[in-house]
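A closer look at the structure
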Amino acid sequence: MVIKVYIASSSGSTAIKKQQQDVLGFLEANKIEFEEKDIAANEENRKWMRENVPEDSRPASGNPLPPRLFNDSRYLGDYEAFFEARENNAVYAFLGLTAPPGSKVGVGIPHPNL
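What comes next is a walk through the structure. Throughout, residues of each chain are indexed from 1 in the direction in which the sequence is written. A pLDDT threshold of at least 70 governs which residues receive local features in this predicted model, and a stricter bar of 80 or more applies before side-chain atom pairs are shown or counted, although totals over entire chains, interfaces and linings include all residues. The side-chain figures draw on all heavy atoms in the structure; neither hydrogens nor water molecules are used.

Any two strands with at least two DSSP-identified bridges between them are counted as paired. Numbering of helices and strands runs from the N terminus, with a helix taken as a DSSP run of H or I at least four residues long and a strand as a DSSP run of E at least two residues long. Read from one edge to the other, the open sheet built from four strands follows the order β2-β1-β3-β4, with strand pairing classed as mixed. In the strand order of this sheet, the two ends are held by β2 (34–38) and β4 (74–78), each with one partner. Across the sheet, the axes of successive neighbouring strands diverge by a mean angle of 25°, strand direction being ignored. Judged from the four bridges that link them, strand β1 (residues 3–7) and strand β3 (residues 68–71) form a sheet pairing that is antiparallel. Its bridge partner being in β3, K4 is matched across the sheet by F70. Most of the contacts of helix α1 (residues 14–29) go to β1, to which it runs at about 155°, and overall it touches β1, β2 and β3. Lines fitted to the C-alpha atoms define the axes, with helices restricted to the stretch that makes contact. Angles between their N-to-C directions range from 0 to 180 degrees. Any two residues whose heavy atoms approach within 4.5 Å are treated as being in contact.

Another point: the nonpolar core. By convention a nonpolar core is built from buried Ala, Val, Leu, Ile, Met, Phe, Trp, Tyr and Cys residues, the set being connected through side-chain atoms within 4.5 Å. Only protein chains enter the area calculation, which uses a 1.4 Å probe; residues under 20% of their type maximum are buried, those over 50% are exposed, and those in between are partly exposed. Counting residues in hydrophobic clusters, the biggest one holds 18 residues, and the most contacted among them are V5, V23, L27, L69, F82, F94 and L95. Elements supplying a minimum of two residues to this core: β1, α1, α3 (79–87) and α4 (91–95). Not counting residues up to four positions away in its chain, the partners in contact with L27 are V5, I32, F34 and L95. The next biggest cluster of nonpolar side chains, apart from the first, holds seven residues, and it includes I39, M49, F70 and Y75.

Rendered as structure tokens:
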């Protein structure tokens, strides 16, 4: 299982740049292995990302913008979904990974029926 983060190295948007840095910085700080896929420098990466973002996760107009996260080919979400998972201490669950022992970023909030 490989976490893939689709980014744009030459984005003109400061918001996108900050979101990308936030995601990549978090993954690096928590020693979560990932592959960075640049859609600005590689047309194949751009095409693959756009084709694999589910219809219900696309913007009303235009193309899906980075950062977008995948676990292998399974779509995980955009920055907002990542941010929400991080706020809920559920990043490993969001990424489809098992949290390492003693991790401060847990697997999520226990389900109330468990």
